[in-house]
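# Topology and contacts: notes
Here's the letter readout for the chains.
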Amino acid sequence: MRISEKFSQRSATTESAADSPFMNGSGTDNSLKGACGMEFKDTRQVTVREPYDVVVVGGGIAGVAAAVSAARNGANTLLLEKQVNLGGLATVGLISWYEPLCDGEGNQMIYGIGEELIRLSVRYGYEDLPEKWGGQGGNKHKNGRFSAHYSPTVFALALDEYVRESGAKLLLDVLAVWPVMDGKVCLGVMTETVSGREFFPAGCIVDATGDASIASRAGIPTEEGESYLTYIAHGFDRNALANHDETRDMQDLRKWIGVGSDLYGNGHPADVRKFHGITSDEENRYLAEGKSRLLDRIRSWDKSSFDLTMIPTMPQYRKIRRIVGRVTLTGDEEGRNCPESVGRFGDFRTFGRRFELPYGTLYHPDWPNILTAGRVISAGGDGWELVRVIPVCAVSGEAAGAAAALASLRKESLDSLPVSAVQERLMTAGVRLHIND
Ligand SMILES: Cc1cc2nc3c(=O)[nH]c(=O)nc-3n(C[C@H](O)[C@H](O)[C@H](O)COP(=O)(O)OP(=O)(O)OC[C@H]3O[C@@H](n4cnc5c(N)ncnc54)[C@H](O)[C@@H]3O)c2cc1C
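Note that the structure is a prediction, hence the values are computed from the model and not measured.

This part covers the overall build of the protein. Scanning the protein from N- to C-terminus turns up ten helices and 19 strands. In the protein, buried positions account for 50% of the 437 residues. In the protein, once contacts between residues fewer than 6 apart in sequence are set aside, the share between residues at least 24 apart is 73%.

The sheet built from three strands is open, its strands ordered β14-β13-β15 with antiparallel pairing. The open sheet terminates on both sides in strands that have one partner only, identified here as β14 (255–260) and β15 (306–310). Ignoring which end each strand starts from, the neighbouring axes of this sheet average 45 degrees apart. Judged from the six bridges that link them, strand β13 (residues 230–237) and β14 form a sheet pairing that is antiparallel. For Tyr 231, the partnering residue across the bridge sits in β14 and is Val 259. Against the sheet, helix α7 (residues 280–299) engages β13 and β14, with an angle of about 115 degrees to β14.

Glancing now at helix α3 (residues 113–121). Where α3 is concerned, the buried positions are Ile 113, Gly 114, Leu 117, Ile 118 and Ser 121. All buried residues of α3 project into a common sector of 140 degrees when viewed along the axis, lining one side. Of the surrounding secondary structure, the elements contacted by the buried residues of α3 are α2 (61–72), β6 (97–98), β7 (148–149), α4 (152–165) and α9 (390–410).

Below, the discussion takes up the site of the ligand. Surveying the vicinity of the ligand reveals 35 residues, the closest of which are Gly 58, Gly 60, Gly 88, Gly 210 and Gly 374. For the shell around the ligand, the secondary-structure elements that each account for two or more residues are α2, β5 (77–81), β6, β9 (175–182) and α9. Grouping the constituent residues of the shell around the ligand by class yields 17 nonpolar, twelve polar and six charged.

A separate point is the packing of α9 against helix α10 (residues 419–428). When two helices pack together, their arrangement is given by the angle between the helix axes and by the axis-to-axis distance. Two elements in contact, α9 and α10, have axes separated by 9 Å at closest approach and are oriented at 120 degrees. Taken together, the axes of α9 and α10 lie oblique to each other. In terms of crossing hand, the pair formed by α9 and α10 is right-handed. Judged by residue contacts, Glu 398, Ala 399, Ala 402, Ala 403 and Leu 406 of α9 engage Ala 421, Val 422, Arg 425 and Leu 426 from α10. Class assignment of the residues belonging to the contact of α9 with α10 gives a composition of seven nonpolar, no polar and two charged.

Of the residues making up α10, those classed as buried are Val 422, Gln 423, Arg 425 and Leu 426. Buried positions in α10, seen along its axis, are confined to an arc of 160 degrees and lie on one side of it. Exposed side chains of α10 directed beyond 90 degrees from the buried face belong to Ser 420 and Thr 428. Against the buried residues of α10 lie β17 (341–346) and α9. A positive phi of about 95 degrees marks Gly 430, the residue just after α10.

As a further point, take the pairing of strand β10 (residues 185–193). The buried fraction of β10 amounts to seven of the nine residues, a majority that puts the element mostly inside the structure. Summarising the sheet, β9 and β10 pair through seven bridges and their orientation is antiparallel. Counterpart to Ala 176 in the pairing with β10 is Thr 191. Linkage of β9 to β10, two consecutive antiparallel strands, is achieved through a turn of two residues, within which Gly 183 is found at a positive phi near 65 degrees. With six bridges connecting them, β10 and strand β11 (residues 196–207) associate as antiparallel partners. Among the inter-strand pairings, Thr 191 is bridged to a residue of β11, identified as Glu 198.

By secondary structure assignment, the location of Trp 256 is in strand β14. Take Trp 256: there are 12 C-beta atoms within 10 Å of it, and that puts it in the exposed class. Residues Trp 256 and Ile 232, 24 residues apart in the sequence, show an inter-C-alpha distance of 6.1 Å. Every residue in contact with Trp 256, bar those within four places of it in the chain, is listed here: Ile 232 and His 234.

In this fold, Pro 51 is placed in the loop between β3 (47–48) and β4 (52–57). For the pair Pro 51 and Ala 202, spaced 151 residues apart in the sequence, the C-alpha separation amounts to 5.6 Å.

The next thing to look at is the confidence of the model for the protein. The pLDDT averaged across the protein works out to 91; a share of 90% of its residues lies at or above 70. Considering only residues more than four positions removed or in separate chains, one finds that residues 1–29, a stretch of pLDDT under 50, has 60 contacts.

Attention shifts here to the environment of Tyr 124. Within the secondary structure layout, Tyr 124 lies in the loop between α3 and β7. Separated by 27 residues in the primary sequence, Tyr 124 and Ser 151 place their C-alpha atoms 8.9 Å from one another.

Procedures and definitions
- Residues numbered from 1 in each chain as written.
- Predicted model: local features only at pLDDT ≥ 70, side-chain atom pairs only at ≥ 80, totals over all residues.
- Helix = DSSP H or I, 4+ residues; strand = E, 2+ residues; numbered from the N terminus.
- Buried ≥ 20, exposed ≤ 12 C-beta atoms within 10 Å, placed from the backbone.
- Contact = placed C-beta atoms within 7 Å.
- Pairing = 2+ DSSP bridges.
- Axes fitted to C-alpha atoms, helices over the stretch in contact; angles between N-to-C directions.
- Arc of directions from axis to C-beta.
- Near = placed C-beta within 6 Å.
- Nonpolar A, V, L, I, M, F, W, Y, C, P; charged D, E, K, R; others polar.
- Parallel < 35°, antiparallel > 145°, perpendicular 65-115°, else oblique.
- Left-handed = near helix turned anticlockwise from the far one by under 90°.
- pLDDT = per-residue confidence, 0-100.

This is how it looks when you write it as structure tokens:
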């Protein structure tokens, strides 16, 4: 499949012929009739921006890893993020615990960008890694595992520099609204920015949105997840200040203060339906429940004795939507060798459980140039639990970025790209693919 040929035929389009959601060139009349009977016609001009080999949508941990990996593999790469800071749930979502890179039995599972990012997470902010993993001041929180509880704001600042140093271009405050399709080939992404509507042509797209909205709008089959109510802010109180006086540990000044449930649903309010975050109404139900319950919780507190220093700027859903790809990781693959592995990882919950990540979890074979990364890859059941945590999002991101660069530069579809070529790139970058490597 010669993606670039199709792409160059279309890239001269400068007006809203590309405006019809999901399909390119199907006409300029984008009328829609709402329930109120009003008719809207969208005739805005589209600015066609410079083309990229790879466009990564979403600058969470997976998107950052994908963009850096694609750029390092020689692709002219663009990372688009709708917020003004990188990191997604791991920074602005206030989930500031980097789950372990080791298997709990002393073996490092994750290398490459997953390791670079954990080191970056503590490079400028508080917290250190355990000495066994190269830290100096120790890490008081866990049983010596290769994990970190970092400052999300300091980490977010460092991520911008990390991406730019890779050579990838970073654009913040850009909402990708839909993929422009020619059949199943994605020609690029339509966006809304402060400049208006802009189209970014691309040879290959990586959907790292956390909700698979680009893949889903391209028509790739998906499955919805279900989330409990969890609404966590950061803050401190007088006890924390007193502890800090004694310990001098900055983490005392950034405590999780929240409402709702833990990982297993304990604490989910009985009178609240679980959440499916795909609609605006559902997302707003989540936000309203979370915010009002947190306000209820703090209402009775002595207002001179605490502060909430940050509230999350994105919904803290665990699983929103993921693709159904060529291969689906189910969680039953523990300990198994996977010939098409593009990375390995441990089970963050249980010591000694090790997995390999199949290349086929990153894409659907009928869509030749759309990859996914992070919590939206093809993993179901317990497999989804395993892959959605921060370090494993970095693993799938790095793999997706390398595959996107190769596919785009070689003008090959993802399914015809030899997996050995992707694996070779990843191994050169220091990634370990198999449990016994
Ligand atoms: C309550 C909770 C607790 C958790 N606890 C832990 C933990 O302790 N340790 C751990 O390792 N993991 C934990 N996780 C999981 C982990 O934080 C996330 O699954 C992981 O960070 C997801 O990374 P991601 O890059 O795939 O997605 P996200 O972090 O969701 O990033 C997606 C990014 O894409 C952007 N985006 C979305 N749509 C668009 C668009 N259309 N255009 C442009 N940009 C877009 C978003 O703004 C966001 O920045 C937890 C998750 C939750 C919800």
